[in-house]
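What follows is the residue order along each chain.
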Amino acid sequence: MKRPWLSTASGFALVIALAAGAAAQDNAGREDVVVVTGTAIETLSAETLQNVDVISLDDVVDSFDGSLGASLARLPGISTTSFGPAVGRPIIRGFGGDRVRILNNGVGLVDASGVSVDHATTTEVLDAEQIIILRGPAAIAYGGGAIGGVINVIDGRIPTRPVDGLFEGQAYAGYSSVDRGHQEAARIRAGVGPLVFQFEASHREAGDFDIPGYAESPRLRALEEAEHDAEHGEEDHEHEEEEEVRGTVPNSGLTFDTIGAGASLIGDWGFLGISVRNYDAEYGLPAHEHHHEDDEHEEHEDDEQEDEHEDGDPKIAMEQTRWDIRGQFNFQLGPFDHLDISSGIADYQHVELEPDGEIGTLFESDGWEARAALVNGHGESRWTGSVGIQMLQTELSASGEEAFIPPVSTHDVGIFAAQRYDLEGYGFDMGARVERRELDTAIGPDRSFDTVSLAAGAFLRPADGMFLGLSLARTERAPTDAELYSDGLHAATGTVEIGNSNLSKETGWALDGTFRWSGNGWRLETGAFYSHFSDFIYLAPTGLEDPDEDAPIYRYLQDDATLWGGELYLERDLAQIGPWALVGDFTLEYVQGETDSFGSLPRMPPLSTTIGAEFQREVVDLRGEIVWAADQDDTAGSELPTDGYTMVNLSAVAHPFGSDTRLILEARNITDEEGRLHTSQLKDTIPLPGRSFRIAILQRF
């Protein structure tokens, strides 16, 4: 049963005054964007010790590709889990799951996306005004769940500035050919004296998407054919080939809807606002396999498959209602000049529907998260930084025949402090965080963990336009509910997942270096990292199969592990041809991960590059790019290698009616190349979409 709103709200009210500041202010449209680094220090994006991207609204609509992970995957160092087009949780430098925190206005999502790769995040790309991406450890500001990085989606639902005139807003509409998909989004903001109101809604819908060839990879088809021939001979070979999925991925359609409203009181003293949003989605589970305990299943397999096809396809239907409070209060209290607060309370559920429409599993997650930060050093002081507190409580439950995790209550409390000492030509960063996590469940032992994370770094500005940074962090991460208590068949992934209630906390050392330079028509940003973990937690295949579920068994294990790699972005002004400026760019990313005892970590992204050229002028930008991904042969356990691919994309962005209009024409994968993401658990059963044409328009008013 869902936890009542009143009881959740009562606990939330105890810490509302201590709610934490959002990781960034409402800075869309500013040239110098203020962000918060992993050490909770507000500074310009070009001045962070770690590699940071700040994605503006224009960039969001230009690169929109459905899920959050897919829309960000073009950036160096970012990939996606890609469990079909509806689900794509970002991966940063090979880190995913609970090691990358996805935030909405600085606080967590309070959903079930971290429990399984088939669960969509409750953040919608089209609702974003800005997306901030921090690569590398961010445990000081956001806890052990951010040791790989942070994705912070700023939606602007709570206004932070007055409206110019009576109202302002924007509307977006788009269409994609590969899935016959269409998207619409709109928001309007109006002001009445010091009060500012915002209303917004979005809708996106798509059918099954097209692919260049077979859904299954050549390696998987060859493996299945060999297994079939060994068991049955050649008798059914031709018949089975005819039944293979080709050209379109069935059951990959989706529908997502959001509607929300917010209001703020704004003055010289700061702002205080509240918002509410409802999120509703339904999407298919492509390549979904169902396992049955019926002893006569094999005898009636053909009849059951026919019945399932007639009844429908397995789907997930999810809904979340979320309330947020956010504010900034300006004052002078010793070294501190303002208090940032941000908090969210959410009621979430999703059902995994069987082909006949019956509920297979019901997931519910209710909870709240609140953060507060006292910020100092925005005057003449050489010291800048903050001290803060974060509190979180979630109640996760799963029920039904395919529930694989018991009800778990998680309570987190963290206190952090970070400072930067800036001597203009060089400076130092330092920070610390102390955190406690308690997990309570009726099945299995309750657990509690105390973690301490420390970070220090130095930076140098040797010349104009040049910045070098080096940081060292020691982080600790407590296990999650799924890692501790999973026990059963996870139907969406077709695996039996077994947790380990005796897991210890994970300890990591991370060295991170950054170099930025701009001048003489060049722009360069590069980052490199080396991370070593003791007791690294990961889900590994055992090589065994559960005879009752007819599914492979995976267990959560711990082992020492090392990840290293980096990314590079280079841009060059090449030529001025009449009114056209020709600009070239190049990105490179690489990551390697392995455990001490078992070799490579699973689902590591391959070496990849993008080479692009852009003709720019005031009314239109024309771009062409080649995206190349190498073969991935460094595999874990029974994981199959993944072939590389090369894709060609073309796009044009025009302003036919002035700067307030943005018309986007795009051709993706124009050679209809087959590509597969090694980071996806479905890589051998679902490739990337084939050739697609997209048209979209953004109109501000």
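Predicted model only: the values in this text are computed from it and were never measured.

Across its full length, the protein chain holds 8 helices and 36 strands. In the protein chain, buried positions account for 55% of the 701 residues. Of all intrachain contacts in the protein chain linking residues separated by at least 6 positions in sequence, the fraction that spans at least 24 positions is 68%. Here the protein chain displays about 28900 Å² of accessible surface, and carbon together with sulfur accounts for 56% of that area.

This part covers the packing of aromatic side chains. Scanning the model with the defined rule gives 13 aromatic pairs in all. With 5.6 Å between their ring centres and 20° between their planes, F459 and F467 make a pair best called stacked. We classify F467 as buried; its relative accessible area is 3%. Here the aromatic residues F95, F533, F536 and Y538 are joined through ring pairs into a cluster of three or more. Between R221 and the ring centre of Y214, over which it is positioned, the NZ or CZ distance is 3.6 Å. Just above the ring of W580 sits the side chain of R617; from NZ or CZ to the centre is 5.2 Å.

V115, F256, Y283, M318, F363 and I405 are the most contacted members of the largest nonpolar core, which totals 40 residues. Counting residues in hydrophobic clusters, the runner-up holds 39 residues, among them A139, A185, A540 and A561.

Let's shift gears to the pattern of salt bridges. Within this structure, the stated rule accounts for 44 salt bridges. Salt-bridge contacts for R93 lead to D512; the nearest nitrogen and oxygen are separated by 2.7 Å. Highlighted residues: R93 in the loop between β5 (90–92) and β6 (100–104) and D512 in strand β27 (residues 506–519), separated in sequence by 419 residues. Each of the two residues, R93 as well as D512, counts as buried. Two residues, R180 and D210, come together in a salt bridge whose shortest N-O distance is 2.8 Å.

Spatial strand order, β3-β8-β9-β6-β7: 5 strands in an open sheet with mixed pairing. Strands with a single pairing partner mark the edges of an open sheet, and in this sheet they are β3 (52–56) and β7 (107–108). Where β3 lies against strand β8 (residues 130–135), 5 bridges are found, and the strand directions are antiparallel. Considered in β8, the bridge of V52 is made with L134.

Each regular strand displays side chains that alternate between the two surfaces of the sheet. Two elements, strand β20 (residues 383–399) and strand β21 (residues 408–422), share 14 bridges in a ladder whose sense is antiparallel. Opposite G385, over in β21, you have Q419 as the bridge partner. The pairing of β21 with strand β22 (residues 426–441) spans 15 bridges and is antiparallel. Pairing of F416 across the sheet is with R433, part of β22. In this structure, the hairpin formed by β21 and β22 is closed by a connection of 3 residues, where E424 is found at a positive phi of approximately 70°.

Okay, the side chain of H655 next. Note on placement: H655 falls in the loop between β34 (645–654) and β35 (661–668). Polar contacts involving the side chain of H655 include one to the main-chain carbonyl oxygen of T661, which spans 2.9 Å. Apart from residues no more than four positions distant in its own chain, H655 is found in contact with E618, V619, T661 and R662.

Before going further, it helps to spend a moment on a negative patch on the surface. Together, E594, D596, D631, D633 and D634 give the surface a local cluster of negative charge. Overall, D633 belongs to the partly exposed group, its relative accessible area being 49%.

On the surface, L470, L472, W509, L511, Y530, W564, L588, Y590, L607 and W628 cluster together into a nonpolar patch covering about 920 Å² of accessible area. Where the nonpolar patch is concerned, the elements lending two or more residues are β24 (466–477), β27 and β30 (580–595). Following the sequence through the fold, W628 ends up in strand β33 (residues 620–629). Owing to a relative accessible area of 34%, W628 belongs among the partly exposed residues under this scheme.

This part takes up unusual backbone geometry. If you check the backbone angles, R93 has positive phi at about 55° while not being a glycine. Note on R93: relative accessible area 3%, which makes it buried. Phi angles above zero are rare outside glycine, and D550 is one such case at about 55°. Looking at the element boundaries, D550 is found in the loop between β28 (522–546) and β29 (551–577).

What follows is about the environment of V100. Turning to its location among the elements, V100 is positioned in strand β6. Judged by relative accessible area, V100 falls into the buried class, the value being 1%. Here the alpha-carbon distance between V100 and Y142, two residues 42 residues apart in the chain, equals 9.9 Å.

Low pLDDT marks regions whose predicted coordinates should not be analysed in detail. Residues at a pLDDT of 70 or more form 89% of the protein chain, whose mean pLDDT is 88. The low-confidence segment residues 1–33 (pLDDT under 50) makes 93 contacts with residues lying over four places distant or belonging to another chain. Residue range residues 289–310 is modelled with pLDDT below 50. Its contacts to residues more than four positions away, or to other chains, number 19 contacts.

For the rest of this paragraph, the subject is the pairing of strand β23 (residues 447–460). Bridge analysis of β22 against β23 gives 14 bridges, and the strand direction is antiparallel. Across the sheet, the residue bridging to E438 is S448, located in β23. As consecutive antiparallel partners, β22 and β23 are separated by 5 residues, and within that stretch G444 has a phi angle of approximately 95°, a positive value. Here β23 hands over to β24 after 5 residues, with G465 in that stretch at a positive phi of 80°.

Looking at where N520 falls in the secondary structure, it is placed in the loop between β27 and β28. On the basis of relative accessibility, which here comes to 70%, the residue N520 falls in the exposed class. Sequence spacing of N520 and R572 is 52 residues, and the spatial spacing of their C-alpha atoms is 8.9 Å.

About the criteria used
- Residues numbered from 1 in each chain as written.
- Predicted model: local features only at pLDDT ≥ 70, side-chain atom pairs only at ≥ 80, totals over all residues.
- Heavy atoms only, no water.
- Helix = DSSP H or I, 4+ residues; strand = E, 2+ residues; numbered from the N terminus.
- Buried < 20%, exposed > 50% of the residue type's maximum accessible area, 1.4 Å probe, protein only.
- Contact = heavy atoms within 4.5 Å.
- Areas by Shrake-Rupley, 256 points an atom, 1.4 Å probe, with all protein chains shown as cover.
- Phe/Tyr/Trp six-rings, centres within 6.5 Å; stacked < 30°, edge-to-face > 60°.
- Lys NZ or Arg CZ within 6 Å of the ring centre and 35° of its normal.
- Core = buried A, V, L, I, M, F, W, Y, C linked by side-chain atoms within 4.5 Å.
- Salt bridge = Lys/Arg side-chain N within 4 Å of Asp/Glu carboxyl O.
- Pairing = 2+ DSSP bridges.
- Polar contact = N/O pair within 3.5 Å; in protein donor to acceptor, adjacent residues only side chain to side chain.
- Patch = residues over 30% accessible without salt bridge, like charges linked within 9 Å, V, L, I, M, F, W, Y side chains within 5 Å.
- Lys, Arg positive; Asp, Glu negative; His and termini not counted.
- Charge placed at Lys NZ, Arg CZ, Asp CG, Glu CD.
- pLDDT = per-residue confidence, 0-100.

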